[in-house]
Structures are given as structure tokens and as C-alpha cells.
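What follows is each chain in one-letter form.
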Amino acid sequence: MKTPGPTGQGLRLIPFRGLRYVPERVGSLAAVTSPPYDVVVRPDGLHHLESADPHNIVRLILPQADTAAARPEQAAETLNRWLDEGILVPESEPALYVYEQRSGEILQRGIVGALALSSPADGVVLPHEDVMAHVVEDRANLMRTTAAHLEPLLLTYRSEGDPTGATAVIERTIHRPPLLATTTEDGYRHRLWAVTDPADRSEIETDLARHQALIADGHHRWATYLRLQQEHTDPGPWDFGLVLLVDTARYPLRVRAIHRLLHRLPVADALTALNGTFRVRDIEESLPVALDALAEAAAEGNAFLLAGDGRFHLVDRPDEALLARTIPADRPLAWRTLDATVLHATLLDHVWQIPDSPEHIAYIHDTEAAVEQAERRNATAVLMHPVREEVVRDLARQGVTMPRKSTSFGPKPATGLVLRSLALD
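Figured I'd write up the structure that's included with this text. (Residues numbered from 1 in each chain as written. Predicted model: local features only at pLDDT ≥ 70, side-chain atom pairs only at ≥ 80, totals over all residues. Heavy atoms only, no water.)

## Some details on the packing of aromatic side chains
Taken as a whole, this structure holds 3 aromatic pairs when the rule is applied. Ring plane angle 65° and centroid distance 6.1 Å describe the contact between W222 and Y225, whose orientation is recorded as edge-to-face. You can see W222 and its partner Y225 sitting in helix 8 (residues 219-231), 3 residues apart, about one turn around the helix. We note that W222, like Y225, is buried. Taking NZ or CZ as reference, R139 lies 4.0 Å from the ring centre of Y37, over its face. The ring of W335 has R331 lying over it, and the distance from NZ or CZ to the ring centre is 4.4 Å. (Phe/Tyr/Trp six-rings, centres within 6.5 Å; stacked < 30°, edge-to-face > 60°. Helix = DSSP H or I, 4+ residues; strand = E, 2+ residues; numbered from the N terminus. Buried < 20%, exposed > 50% of the residue type's maximum accessible area, 1.4 Å probe, protein only. Lys NZ or Arg CZ within 6 Å of the ring centre and 35° of its normal.)

## Details of the nonpolar core
Ranked by size, the top nonpolar core spans 114 residues in total, and within it Y21, L155, W222, L245 and W352 carry the most contacts. The element that contributes the greatest number of residues to this core is helix 13 (residues 339-351), accounting for 7 residues. When residues no more than four places from it in sequence are discounted, the contact partners of W352 are L262, L265, A270, A273, L274, L306, L343, L347 and V382. Within the second largest apolar cluster, 21 residues are counted, among which are L294, A297, A298 and I364. (Core = buried A, V, L, I, M, F, W, Y, C linked by side-chain atoms within 4.5 Å. Contact = heavy atoms within 4.5 Å.)

## Digging into the sheet that holds strand 7 (residues 148-149)
In any sheet, the strands associate via hydrogen bonds between backbone groups, in a parallel or an antiparallel arrangement. Taken in spatial order, the 4 strands make up an open sheet running 3-2-21-7, and their pairing is antiparallel. Each edge of the open sheet carries a strand with a single partner, namely strand 3 (88-90) and strand 7. As paired elements, strand 7 and strand 21 (residues 419-421) share 2 bridges and run antiparallel to each other. Bridging from a neighbouring strand, A148 pairs with S421 of strand 21. (Pairing = 2+ DSSP bridges.)

## Regarding helix 13
Two residues of an α-helix separated by three or four positions point the same way, owing to the 3.6 residues in each turn. Compared with an ideal rise of 1.5 Å per residue, which puts 13 residues at 18 Å, helix 13 spans 15 Å between its outermost C-alpha atoms and falls more than 12% short. The buried count for helix 13 comes to 11 of 13 residues, which makes it a mostly enclosed element. Buried within helix 13 we find D339, A340, T341, V342, L343, H344, A345, T346, L347, L348 and V351. Note on helix 13: the residue one or two positions beyond its end, Q353, has a positive phi of about 50°. (Expected span 1.5 Å × (residues − 1).)

Next up, the structure:
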């Protein structure tokens with residue numbers, strides 16, 4: 001993605017005074033980190049993080065209080081207390097940050113900074129998914145009350161693969177001692193370096209100004225950034241948002257599916273409602289075998305795996321007349337044939353008639369967790385096969401958004417390694 005948007009402007013990334021944990025004041029850096037807020041969906045996962053260290057970042061990104069209105073206030077009070085106690089300390093000068101994640105053969109490096117906000121119409125930062133209004137409202141309340149960006153979005157861009165510009169700075173920087181290094185319980189090793197040299201920062205900023213970016217993870221937070229920018233009419237820190245920018249020509253991301261949990265639909269009812277509109281095959285083997293069958297079927301067309309009754313049901317080969325009746329015809333073919341499109345337009349809206357609201361649908365990244373919750377609650381898990389990254393990019397370039405929660409790019413940056421306080425910018 002090298003072509004700037006219609007405005008002629010590319011990415012504008014500026015340094016900021018990062019807030020970081022003081023290692024001596026916490027059990028370990030690994031113990032205070034968390035996955036992004038929307039990955040921590042299970043209560044046991046939340047409790048695990050809270051018990052890992054009394055200063056775990058989850059107390060800021062998912063504050064617990066008696067009422068929804070009290071949660072942002074709880075987070076703000078906690079953040080201010082940690083600042084007063086020296087648990088979190090701001091950097092002495094603004095910086096960009098080189099961030100590295102490594103696990104086995106997976107290696108990801110990018111630049112963390114404050115990115116100038118722009119609307120989708122500008123063609124600089126391209127969303128590829130719709131968002132849910134209640135989630136944006138929740139994140140806006142949290143950011144507004146804390147006056148902080150607590151976790152970076154994951155954005156990608158594509159260079160020509162040459163070791164110049166931002167890449168050159170990254171590959172020089174990693175030979176220096178890092179600001180921090182830690183290994184989280186998922187096995188990922190994280191390292192972070194500050195880039196404060198004016199020449200290095202200029203090289204990064206000049207390079208990125210030639211590119212546009214795709215939102216890989218963080219659509220709701222980006223929409224929140226834009227909403228809060230509109231609330232602050234004077235130029236200032238609300239015109240920028242905390243992001244991690246990764247050049248996928250150098251460091252390709254993995255794309256995974258996000259599964260659906262249909263709270264009020266037992267599997268038997270889901271299958272009965274299909275009534276011959278899809279082919280259904282039962283798979284009584286293990287989850288890995290069932291996922292292999294899903295992948296094989298998805299290579300031929302739309303396919304889903306239903307779970308929740310102790311077995312797996314492969315649902316594929318939808319009736320073409322049904323698709324023609326239920327899927328809008330005014331979108332590109334690549335959008336009309338997405339599994340997520342068929343799931344929402346055909347199955348959820350038409351066949352099962354399930355509203356897309358939190359009372360009826362949960363979005364779950366972890367496959368085993370989706371199956372386990374469905375079985376425990378007599379619900380239906382709809383397991384998805386991931387969409388290819390090039391399809392996501394092509395649709396984003398056309399200005400076409402996919403159904404919400406269609407993709408999960410990774411690895412996602414760990415939350416808690418560096419924060420941005422808007423009061424410091």
C-alpha cells in the first residue's frame with residue numbers, strides 16, 4: 001500500500017511521551033500485560049489477569065464496577081493512583097518506539113507512535129469492517145474519562161520490501177539494548193526500543209508519508225478516536241491515536257477467523273431451521289479433524305462448522321436461489337461471497353432470524369472457548385474459516401467494509417508495554 005489517499009497525504013506518525021511500568025514496582029512486566037480488551041472475553045480470563053498482578057493493565061482496559069457508568073471512573077482513579085505511586089511513569093522526552101514480537105518462526109516488528117487521524121474518505125487509513133455502536137460508546141467513555149490511549153491499534157502497510165526508510169531504522173535499532181524485554185505466558189517474547197534521534201524519526205516519518213494503511217485490529221478503537229476528535233474542536237492531542245504500524249511486506253501477519261456464539265439458539269434448532277437450504281454433514285471426530293474438514297469445504301465455497309451438542313456439523317453448499325434472495329446485489333462479488341456475508345445476510349438475518357446484538361451473539365477469537373461455551377450453555381457456536389489477507393485489502397481499497405468481526409489479524413500487540421496519556425502531549 002504505497003499510494004497515498006485522495007487527499008494526497010499519507011501516514012503522519014509523530015512521537016509521544018510514553019507511559020511505561022516501572023519494573024521494580026510490579027511482579028514482572030509479563031504479569032502486568034494483557035491481550036487487547038476484546039480478546040479477554042471470558043470471566044475466567046479476566047480474573048486470571050487480575051490475579052496475575054494487582055497492577056495488571058486489565059484493570060484499566062476492562063475496569064470492574066457495580067454499574068457501567070462507574071467503570072470509566074474506576075479506570076481513571078486507578079490510572080491516576082498508579083501515576084501518583086510511581087507504578088507508571090512517563091518518558092522524559094517524546095519518542096517513537098520499535099516493537100518486536102517473536103515466537104518460534106513468527107517474527108513481527110513495527111513502529112509505535114501517535115498517528116494523525118483521518119476519515120475513511122481520505123483514503124489514508126482504510127477500515128475493512130463495520131463497527132458496533134455500543135462498543136464505540138463503551139470505549140469512548142473509557143478514553144474520554146481516562147484521557148488516555150491504553151492500547152495501540154494494529155495497522156499494516158506494504159512497502160516494496162527494500163531495507164530503507166522505517167525498515168532501515170528498525171533494523172538498526174534492534175541491535176541496541178532494548179528498553180524492556182519480557183516473555184508473556186503465550187510464549188511470545190516482546191522487546192521495545194525508544195527512537196529519539198531526530199534523523200531516525202525524520203527517516204521514519206518521511207517514509208510513512210508515502211503510504212496508506214489498513215486497520216488490521218482495532219476498528220472500534222479507531223472509530224472511537226474519530227468520535228472523540230469531533231468532540232475536541234481545537235487542534236491538539238485528540239487529533240492523533242496510538243497505533244502500531246507493521247510493514248507486511250517485511251513481516252506478514254497471520255489472519256484468523258472470529259467465531260460466533262449464538263446464545264439463544266440450540267444446535268438442534270439451528271439445524272432444523274436450515275431445512276435443506278445447506279448441505280449438512282455430521283463430524284464426530286476431534287475439533288482439529290473437524291476444522292480440517294471446514295478448511296477443505298471452504299476452499300470450494302461458503303462453509304461453516306456448528307458446535308454445541310458434543311458433535312460438529314459441517315454446513316456448506318448453500319442454495320443459490322436463497323443466496324440470490326438474501327444477499328445485496330449492489331456490492332462486489334468478493335464481498336457477496338464472503339463467509340461472513342453469507343452468515344449474517346442469509347443465516348442470521350433470514351434463516352435463523354437472530355438480531356446482531358450482545359444479547360443474542362458473542363464474538364469469540366478462541367476456537368476451543370467458543371465450543372466449550374456453546375456446550376455449557378446449550379447454544380450454537382458457528383466456527384468460521386479465515387478470509388485471505390489479499391481479499392481484505394482489495395475490498396478496503398474499494399471502500400467496501402466487511403461484516404463486523406470478520407477477521408482477526410495477529411500477532412496482536414501486548415497491552416501494557418507502552419501507554420499514551422493525552423494530558424502529556
